[in-house]
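Report on the structure
Okay, here's what each chain looks like letter by letter:
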Amino acid sequence: MSSNHSDKESAGKSIPNWLLFLFFGAVVWGAVYGIFMHGFLGYSQSSAYRDSTGQSFAVAFIPEKPERNAASIANGEASASTNCGACHGGPALTGSIGPNLTDDTWLHAQGQMTETRLAELIMKGILPADAKTEKGKQGGMPPRGTLGSDRQVWEVIYYLSSKNRSIRQDATP
Ligand code: HEC
């Protein structure tokens, strides 16, 4: 009996320090992370940032909107030809299933076409029900075309607005 008791005691004492460190480290990290991301008593850096900018914290610090320069425009040209050209008329983007993107006729602009409006259209895609052409009503446009990242979408937009002067360059990278 007494040997059993001492076994338990030594088992209790044998929790290694690194395990305790890991455990309490995780608890402390969890608390700090929680306060930082969700705020303490209603205030947090991220909610303050969101209130003052209308943008979420994560969006603001991941550089998804590239600089407008020759390199990003060239990337956009390549992406547009492979990803948008399939429906918009090949590398020239002069229209097939989807409309011509190089002229000044816009079906989905609200007033003048802007880079901001393009971003909204491309990110959300166009539902068949919202399409304005007969070809468009058959399948609409998938969100982002087939582009993987927001960065690629912006590069395509910079490319389009560099070629097509009917698009107002209102994006601020
Ligand atoms: C699967 C086919 C498809 C792909 C891929 C596609 N689109 Fe479209 N897109 C369409 C269709 C169809 C419409 C027209 C919808 C309608 O009838 O109103 C359209 C409409 C648009 C419009 C609105 C045009 C206007 O006149 O207002 C823009 C801008 C646009 N696409 C940009 C793009 C870009 C940029 C890409 C590549 C990232 C892309 N699309 C990829 C099918 C596609």
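Scroll up to find the structure.
All of these numbers come straight from a predicted model, not from anything done at the bench.

The rules we used
- Residues numbered from 1 in each chain as written.
- Predicted model: local features only at pLDDT ≥ 70, side-chain atom pairs only at ≥ 80, totals over all residues.
- Heavy atoms only, no water.
- Helix = DSSP H or I, 4+ residues; strand = E, 2+ residues; numbered from the N terminus.
- Buried < 20%, exposed > 50% of the residue type's maximum accessible area, 1.4 Å probe, protein only.
- Areas by Shrake-Rupley, 256 points an atom, 1.4 Å probe, with all protein chains shown as cover.
- Donors = N, O, S within 2.8 Å, 3.2 Å for Na, K, Ca; no water.
- Tetrahedral: all angles 85-135°; square planar, octahedral: opposite > 155°, others 65-115°.
- Near = heavy atom within 4 Å.
- Polar contact = N/O pair within 3.5 Å; in protein donor to acceptor, adjacent residues only side chain to side chain.
- Nonpolar A, V, L, I, M, F, W, Y, C, P; charged D, E, K, R; others polar.
- Axes fitted to C-alpha atoms, helices over the stretch in contact; angles between N-to-C directions.
- Parallel < 35°, antiparallel > 145°, perpendicular 65-115°, else oblique.
- Contact = heavy atoms within 4.5 Å.
- Core = buried A, V, L, I, M, F, W, Y, C linked by side-chain atoms within 4.5 Å.
- Phe/Tyr/Trp six-rings, centres within 6.5 Å; stacked < 30°, edge-to-face > 60°.
- Lys NZ or Arg CZ within 6 Å of the ring centre and 35° of its normal.

**With respect to the overall build of the protein chain**
Check the secondary structure of the protein chain and you find eight helices and zero strands. By residue count, 26% of the 173 residues in the protein chain fall in the buried class. Taken as a whole, the protein chain presents about 11,400 Å² of accessible surface, with 61% of it coming from carbon and sulfur.

**Let's talk about the coordination of the iron atom of the ligand**
Octahedral six-donor coordination of a metal ideally yields angles of 90 or 180 degrees, compared with 109.5 degrees for tetrahedral four-donor coordination. The iron atom of the ligand binds to the protein through H88 (NE2) and M141 (SD); the donor distances cover 1.9 to 2.0 Å. Classification of the site at the iron atom of the ligand rests on its six donor atoms, whose angles at the metal span 87 to 180°, yielding the label octahedral. With H88 in helix α5 (residues 70–88) and M141 in the loop between α7 (134–139) and α8 (150–163), this residue pair connects regions lying 53 residues apart in the sequence.

**Observations concerning the site of the ligand**
As a matter of local geometry, the ligand sits amid 25 residues, with C84, C87, H88, T133 and M141 nearest to it. At 2.8 Å from an oxygen atom of the ligand is found a main-chain nitrogen or oxygen belonging to L107. H108 places a side-chain nitrogen or oxygen 2.5 Å from an oxygen atom of the ligand. Examining the composition of the shell around the ligand, we find that four residues originate from one element, α5, more than from any other. Of the residues contributing to the shell around the ligand, the split by class is 15 nonpolar, eight polar and two charged.

**A short note on the packing of α5 against α8**
Between two packed helices, what matters for the description is the angle formed by their axes and the separation of those axes. Viewed as axis vectors pointing N to C, α5 and α8 meet at an angle of 100°, and their least axial separation amounts to 7 Å. Taken together, the axes of α5 and α8 lie roughly perpendicular to each other. Contacts from S72, I73, N75, G76, E77, S79, A80 and C84 in α5 reach Q152, E155, V156, Y158, Y159 and S162 in α8. Among the residues making up the contact of α5 with α8, the classes are represented as six nonpolar, six polar and two charged.

**Digging into the nonpolar core**
Formed by 22 residues in total, the largest nonpolar core has its most connected members in L93, L118, I157 and L160. Only α5, α6 (115–124) and α8 provide two or more residues apiece to this core. With sequence-adjacent residues up to four places away left out, I157 is seen in contact with E115, L118, A119 and I122.

**Notes on the environment of K137**
Tracing the backbone shows K137 in helix α7. K137 gets classed as partly exposed once you look at its relative accessible area, which sits at 39%. For the pair K137 and L127, spaced 10 residues apart in sequence, the C-alpha to C-alpha distance is 7.9 Å. Excluding its chain neighbours within four sequence positions, the residues that come into contact with K137 are P128, A131 and K132.

**Here we look at the packing of aromatic side chains**
Going through the model one piece at a time under the given rule, you end up with three aromatic pairs. Between the aromatic rings of W29 and Y33, the centroid separation amounts to 5.9 Å while the plane-to-plane angle is 50°, which identifies the pairing as tilted. Of this pair, W29 and Y33 both sit in helix α2 (residues 17–38), separated by four residues, roughly a single helical turn. We classify W29 as exposed; its relative accessible area is 56%. Seen from the ring of W154, K65 lies directly overhead, with NZ or CZ sitting 4.5 Å from the centre.

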